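# Close look at the chain arrangement
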Amino acid sequence: MPKLTICIPTHNRQYWCKKTVEGIIKSLKGDVELLIVDGSDNGECLISFVEQLNDDRVRLVPPTGEFLPMMDNWNRAIQECKGEWISFIGDDDFIAPDIIDFIEMVEKKYQNVDALGWNRIPYDWPENRNNYKATPIPATYDLYPVNNKILQENYCRFVQNGQVPFGIYHAAVKRTLVDKMRHRFGPKDFEYPVVDFEFTCKILFEASTMVFSQRPLSVAGASKKSNSSGTTSLERKNYILKKFEDEHDVALNAPDFPFPSSISFKSTVANTLRWFLTNHDVEVNTEGWEENFVLACARETHQSVSREWFDDLCNQYKPILETWHGGKYAHLFDPVYTEVTQMKLDLVGCYNDMLHVDKFIANCQTPAEFYEVVQNFMVPVEKIGIKFKDAA
């Protein structure tokens with residue numbers, strides 16, 4: 001059994017998938033299985049690519065011959081993973097080549113660790129770039145265990161802004177934890193189309209020890225065909241969401257929740273949470289989640305990258321809030337448009353514990369090349385969590 005499986009589900013994005021695999025295996029260390037699970041219409045391209053690689057670490061699961069929605073391909077993928085630990089990334093992403101060193105270091109420090117989280121670095125592929133320069137990279141490097149009871153309550157009450165750095169996507173889980181989750185929640189690992197957020201919910205309720213690294217260990221790429229490219233324009237966002245909804249039989253929108261997933265990131269997380277809490281018998285305090293959700297939506301709208309985006313969110317949220325719970329929470333949604341967000345996206349340098357690097361640095365063409373450059377600005381993986389004593 002390999003120590004880690006890095007799993008890359010893919011669908012009709014062969015160019016980016018090949019670049020991603022080449023970037024990873026170039027400097028990958030340790031006992032790692034790199035698994036490609038192809039759901040493409042035609043599998044010949046990646047079959048030929050893997051044959052030419054002739055690398056025992058790389059394994060390809062070819063297409064089934066019929067169309068598989070993202071959720072179904074992910075369910076197929078996790079069943080194929082052979083590693084003691086499992087981490088999923090996108091076919092246009094990157095993961096640190098010494099990720100094994102990180103896992104083994106954490107295992108020595110924390111007994112029973114079965115869920116690992118870390119910060120990720122955003123990266124726009126060249127064909128998907130706007131003119132904003134700055135890519136934020138955390139300048140901190142602490143390593144610490146997280147109280148999952150507190151985190152699960154904060155997540156379900158929307159205190160976390162709908163964001164939790166644990167899951168299987170740009171994170172890692174131990175196989176034993178996956179087995180525990182199957183025993184409690186059923187044999188189907190991914191039941192809801194927003195697979196990463198749903199899996200996070202299950203982890204929060206079943207993990208024994210969760211450990212988080214402030215130092216980034218992966219790069220979240222956005223190519224012109226990725227779902228994250230929906231952040232580049234409203235037209236692109238709406239197209240991706242419509243296509244995603246059409247591909248899945250499971251309804252994205254909770255029946256008792258009037259905010260469609262298609263509005264924004266926050267409404268997507270909220271619908272996932274409503275689905276999870278409705279379909280699984282878990283005990284958790286959700287008091288005040290409605291108020292926290294509206295405040296999070298207001299903050300998200302305030303941080304819009306353009307006036308067009310800001311107006312779109314306001315036009316969707318406000319009418320629903322006027323009737324939801326009799327308008328009880330409508331007054332909490334009071335975002336103000338500002339150009340500060342755009343200014344931050346264009347400001348390189350170090351501030352607020354973040355290093356903002358020019359995305360065009362060194363003419364990087366892939367997430368692997370970008371990570372190779374910016375890792376020089378971060379502490380080495382083996383020094384994550386190191387404590388310095390003050391001089392006497």
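In every chain, residue numbers begin from 1 and rise along the written sequence. Whole-chain, interface and lining totals are the exception, using all residues; otherwise, since this is a predicted model, local features are given only for residues with pLDDT of at least 70 and side-chain atom pairs are given and counted only at 80 or more. Water and hydrogen atoms play no part in the side-chain values, which are based on all heavy atoms of the structure.

### Let's talk about the overall build of the protein chain
As a reminder of what qualifies: To qualify as a helix, a DSSP run of H or I must reach at least 4 residues; to qualify as a strand, a run of E must reach at least 2; elements of each kind are numbered from the N terminus. The reference for a compact globule is 2.2 Å times residues^0.38; the radius of gyration itself is calculated from the C-alpha atoms. Any residue under 20% of the maximum accessible area for its type is buried, any over 50% is exposed, and the rest in between are partly exposed; the area is computed with a 1.4 Å probe on protein chains only.
Along its length, the protein chain carries 13 helices and 12 strands. Taken over the C-alpha trace, the protein chain has a radius of gyration of 21 Å; the compact-globule value for 392 residues is 21 Å, and the two agree within 12%. Seen through its principal axes, the protein chain has C-alpha atoms that stretch 60 × 60 × 45 Å. Counting every position in the protein chain, which comprises 392 residues, the buried fraction comes to 53%.

### With respect to the packing of aromatic side chains
Selection criterion: Here is the rule: rings of Phe, Tyr and Trp (six-membered ring for Trp) pair when centre to centre is within 6.5 Å. Planes less than 30 degrees apart are stacked, more than 60 are edge-to-face, and the remainder are tilted. Placement of a charge over a ring requires the Lys NZ or Arg CZ to be within 6 Å of the ring centre, with the centre-to-atom vector within 35 degrees of the ring normal.
Going through the model one piece at a time under the given rule, you end up with 30 aromatic pairs. Consider the rings of Trp74 and Phe190, whose centres lie 5.4 Å apart with planes at 85°: the pair is edge-to-face. Here Trp74 is found in helix 3 (residues 70-80), whereas its partner Phe190 is found in the loop between helix 6 (175-185) and helix 7 (195-206), with 116 residues between them in sequence. A relative accessible area of 6% places Trp74 in the buried class. Their ring planes at 45° and their centres at 5.4 Å tell us that Phe94 and Tyr371 sit as a pair that is tilted. You can see Phe94 sitting in strand 5 (residues 94-95) and its partner Tyr371 sitting in helix 13 (residues 367-374), a full 277 residues away along the chain. An identical accessibility class is assigned to Phe94 and Tyr371; each is buried. Through pairs of rings, three or more aromatic residues link up here, namely Phe158, Phe257, Phe259, Trp289, Phe293, Tyr317, Trp324, Tyr329 and Phe333. Seen from the ring of Trp289, Arg274 lies directly overhead, with NZ or CZ sitting 4.1 Å from the centre.

### A word on the sheet that holds strand 7 (residues 134-138)
Test applied: Should DSSP find at least two bridges between two strands, the strands are regarded as paired. Only the stretch in contact is used when fitting a helix axis, every axis being a line fitted to C-alpha atoms; angles between N-to-C directions are given from 0 to 180 degrees.
The antiparallel open sheet is built from three strands, whose spatial order is 7-12-11. Since the sheet does not close on itself, it has two edges, and those belong to strand 7 and strand 11 (349-351), each with one partner. Across the sheet, the axes of successive neighbouring strands diverge by a mean angle of 25°, strand direction being ignored. Strand direction decides the pairing type here: strand 11 and strand 12 (residues 354-358), joined by three bridges, are antiparallel. Bridging from a neighbouring strand, Tyr351 pairs with Met354 of strand 12.

### Overview of the pairing of strand 6 (residues 113-124)
As paired strands, strand 6 and strand 10 (residues 209-222) are joined by 10 bridges and run parallel to one another. Pairing of Trp118 across the sheet is with Ser213, part of strand 10. Bridge count between strand 6 and strand 9 (residues 171-174): three bridges; the pairing is antiparallel. Across the sheet, the residue bridging to Ala115 is Val173, located in strand 9.

### Brief notes about the state of the cysteines
As a reminder, the rule being used: Here, two cysteine sulfur atoms that lie within 2.5 Å of each other are counted as a disulfide.
Under the defined criterion, the tally for this structure stands at zero disulfides. The cysteine Cys201 is free of any disulfide, with Cys156 supplying the nearest cysteine sulfur at 6.2 Å. With no disulfide of its own, Cys314 has Cys297 as its nearest cysteine by sulfur position, at a separation of 11 Å.

### Some words on the packing of helix 5 (residues 148-156) against helix 7
Heads up, the rule is: Any angle from 65 to 115 degrees is called roughly perpendicular, while one under 35 is roughly parallel, one over 145 is roughly antiparallel, and all others are oblique. The crossing is said to be left-handed when, going from far helix to near helix, the turn is anticlockwise and less than a right angle, and right-handed when the turn is clockwise. Pairs of residues are marked as contacts when any of their non-hydrogen atoms sit within 4.5 Å. Each residue receives one of three labels: charged for Asp, Glu, Lys and Arg, nonpolar for Ala, Val, Leu, Ile, Met, Phe, Trp, Tyr, Cys and Pro, and polar for the others, Gly being one of them.
For the pair helix 5 and helix 7, interaxial distance at closest approach is 8 Å and the crossing angle is 140°. Our classification of the angle between helix 5 and helix 7 gives oblique. In this structure, the crossing between helix 5 and helix 7 has a hand that is left-handed. In this structure, helix 5 contributes Asn148, Leu151, Gln152, Tyr155 and Cys156 to the contact, and helix 7 contributes Phe197, Thr200, Cys201, Leu204 and Phe205. In the contact of helix 5 with helix 7, the residues fall into seven nonpolar, three polar and no charged.

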